[in-house]
Amino acid sequence: NKPNNKVKALTYNGLAELNRFEFDNFTLAAAYYDSSARLNIAADQLPQDYDARNLADSFGAYADLKFQVYEQDSLLWLGSLSEEAFDSVLKEIEAQKLAELERLREEQEQRRNTLVNVGSDNSNQQNNDSENGFLNVRNPILIAEASERFQAIWGVRPLVDNWRVNSLIINILVEDSTGAGSDTDAVGQASSTIDLNIDLSRIPFTPSDQDSVRDIVANLKYELGNLFFLQLDLPDSASYYFKKVVEERPNSRVVPITLYSLSELYAIQGG
């Protein structure tokens with residue numbers, strides 16, 4: 001039997017709890033809490049300790065902060081590379097972009113080659129207009145069939161302006177990069193075009209810029225510690241991030257408030 005929304009909500013919540021307490025995967029826990037909360041089950045139908053919405057927000061904030069730390073650490077690593085090593089990484093990124101563009105081109109080719117019978121007899125459907133409602137809104141089967149026909153022709157089109165133009169640009173870039181209808185000079189032109197699409201402006205190359213990034217990372221780790229301390233009630237994780245701030249960036253502006261938070265944490269734990 002197909003589970004009802006209450007069963008789904010409790011299942012998603014249980015999966016979130018497993019990832020939170022057993023697997024220490026807080027990012028996946030956030031996703032499951034969010035899925036549970038989106039079902040909007042009445043509070044009187046759920047356990048008293050059910051709090052998926054607030055937990056989804058808290059663990060979602062954790063996932064966002066962790067990603068920002070990872071991003072800033074990656075930029076700092078790129079900025080510290082030698083010129084030769086940096087060029088090597090840049091070429092690898094360019095190759096990945098070319099491979100992704102080629103994959104998109106192949107998907108578009110497959111969609112073009114898909115044969116769909118869009119001229120089927122709709123007489124029976126027209127006879128049942130009154131039963132199915134305007135545009136068959138009351139008939140989920142007909143809606144699903146229409147969706148499949150649309151996607152077979154147009155694909156999973158992005159919800160953005162000028163998507164047709166963008167797809168044409170992608171096709172031209174990939175054709176140039178693979179040598180179709182062009183010589184090796186075209187490949188070089190495609191590569192240089194992709195180089196322009198790789199944003200290097202955020203990479204900290206100078207010592208002062210790298211110092212600023214380290215301050216950003218220290219602030220983010222303090223926010224992570226604060227999140228574990230005040231919202232998620234995980235004092236050990238909070239202590240870990242607070243200590244990281246003090247050890248890695250002792251002269252940071254956020255160190256005094258970090259030390260104060262640590263003292264509060266120790267006082268609560270009786271240490």
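In this report, we go over the structure that sits alongside the text. Each chain carries its own residue numbering, running from 1 in the direction its sequence is written. Given that this is a predicted model, residues contribute local features only at a pLDDT of at least 70 and side-chain atom pairs are listed and counted only at 80 or more, while totals for whole chains, interfaces and linings are drawn from all residues. For the side-chain quantities, the full set of heavy atoms in the structure was used; hydrogens and water were omitted.

### Comments concerning the overall build of the protein chain
In step 1: Counting from the N terminus, the helices are the DSSP runs of H or I reaching at least four residues and the strands are the DSSP runs of E reaching at least two. Counting its regular elements, the protein chain contains 12 helices and 0 strands.
In step 2: Counting from the amino terminus, helix and strand elements in the protein chain follow one another as α-α-α-α-α-α-α-α-α-α-α-α.
In step 3: Looking at the 271 residues of the protein chain, the share that counts as buried comes to 30%.
In step 4: Should any heavy atoms of two residues lie within 4.5 Å, those residues are considered in contact. Excluding contacts between residues fewer than 6 apart, the proportion of contacts in the protein chain whose partners are at least 24 apart in sequence is 61%. Classification of residues uses two cut-offs on accessible area relative to the type maximum, computed with a 1.4 Å probe and protein chains only: under 20% is buried, over 50% is exposed, and between them is partly exposed.

### A look at the packing of helix H2 (residues 26–37) against helix H3 (residues 52–79)
In step 1: Lines fitted to C-alpha atoms define the axes, with helix axes restricted to the stretch in contact, and inter-axis angles between N-to-C directions lie between 0 and 180 degrees. Between H2 and H3, whose axes approach to 8 Å, the crossing angle comes to 145°. Handedness of the H2/H3 crossing: left-handed. Packed against H2, whose contacting residues are Phe-26, Thr-27, Ala-30, Tyr-33, Asp-34, Ser-36 and Ala-37, the element H3 presents Ala-52, Arg-53, Leu-55, Ala-56, Phe-59, Gly-60, Tyr-62 and Ala-63 at the interface.
In step 2: Looking at side-chain class alone, the contact of H2 with H3 contains 10 nonpolar, 3 polar and 2 charged residues. Crossing handedness follows the turn of the near helix against the far one: under a right angle anticlockwise gives a left-handed crossing, and clockwise gives a right-handed one. Residues are grouped as follows: Ala, Val, Leu, Ile, Met, Phe, Trp, Tyr, Cys and Pro are nonpolar; Asp, Glu, Lys and Arg are charged; every other residue, Gly included, is polar.

### Some thoughts on the environment of Pro-256
In step 1: Within the secondary structure layout, Pro-256 lies in helix H12 (residues 255–269).
In step 2: Spatially, the C-alpha atom of Pro-256 lies 9.0 Å from that of Val-246, the residues being 10 residues apart in sequence.

### Description of the nonpolar core
In step 1: Judged by nonpolar contacts, the single largest core of 36 residues is most densely connected at Tyr-33, Phe-59 and Phe-228.
In step 2: Elements that contribute at least two residues to this core include exactly helix H1 (5–21), H2, H3, helix H10 (207–230), helix H11 (235–248) and H12.
In step 3: It is H10 that contributes the most residues to this core, 9 residues altogether.
In step 4: Leave out the neighbours within four places in its chain, and Phe-228 touches Phe-26, Tyr-62, Asp-233, Leu-234, Ser-237, Ala-238 and Tyr-241.
In step 5: Only buried Ala, Val, Leu, Ile, Met, Phe, Trp, Tyr and Cys residues count toward a nonpolar core, and they belong to the same one when joined by side-chain atoms within 4.5 Å. In terms of nonpolar packing, the next biggest core, distinct from the first, is built from 7 residues, Phe-86, Val-89, Leu-90 and Ile-203 among them.

### Points about the packing of aromatic side chains
In step 1: Classification of ring pairs rests on two measures: the distance between centres of Phe, Tyr or Trp rings, Trp counted by its six-membered ring, which must be within 6.5 Å, and the angle between planes, read as stacked under 30 degrees, edge-to-face over 60 and tilted in between. This structure, assessed with the given rule, holds 11 aromatic pairs.
In step 2: Aromatic pair Phe-26 and Phe-59: ring centres 5.3 Å apart, planes at 50°, arrangement tilted. A residue pair is termed long-range when its members are at least 10 positions apart, and Phe-26 in helix H2 and Phe-59 in helix H3 qualify at 33 residues. Considered together, Phe-26 and Phe-59 belong to a single accessibility category, that of buried residues.

### Regarding the pattern of salt bridges
In step 1: Salt bridges are counted wherever a side-chain nitrogen of Lys or Arg sits within 4 Å of a carboxyl oxygen of Asp or Glu. Under the definition given, this model contains 12 salt bridges.
In step 2: Between Arg-202 and Glu-71 there is a salt bridge; the shortest N-O distance is 3.1 Å. Of this pair, Arg-202 sits in the loop between helix H9 (184–197) and H10 while Glu-71 sits in helix H3, and the two are 131 residues apart along the sequence.
In step 3: With a relative accessible area of 42%, Arg-202 lands in the partly exposed category.
In step 4: Between Asp-215 and Arg-249 there is a salt bridge, and its shortest N-O distance comes to 2.9 Å.

### Here we look at the side chain of Gln-72
In step 1: With respect to the helices, strands and loops of the structure, Gln-72 is situated in helix H3.
In step 2: Taking relative accessible area as the criterion, Gln-72 reaches 12% and is therefore assigned buried.
In step 3: What Gln-72 contacts, discounting residues up to four positions off in sequence, is Arg-202, Val-213, Ile-216, Val-217 and Leu-220.

### Some points on unusual backbone geometry
In step 1: For Asp-24, which is not glycine, the phi torsion reads 55° and is therefore positive.
In step 2: Located in the positive-phi region is Asn-40, a residue other than glycine, with phi close to 55°.

### Digging into the packing of H1 against H2
In step 1: Remark: H1 packs on H2, axes separated minimally by 8 Å, with the N-to-C direction vectors making an angle of 165°. On the basis of their axis angle, the class for H1 and H2 is roughly antiparallel. The hand of the H1/H2 crossing is left-handed. Residues Ala-9, Tyr-12, Asn-13, Leu-15, Ala-16, Glu-17, Asn-19 and Arg-20 of H1 pack against Phe-26, Leu-28, Ala-29, Tyr-32, Tyr-33, Ser-35 and Ser-36 of H2. Here roughly perpendicular refers to angles of 65 to 115 degrees, roughly parallel to angles under 35, roughly antiparallel to angles over 145, and oblique to all remaining angles.

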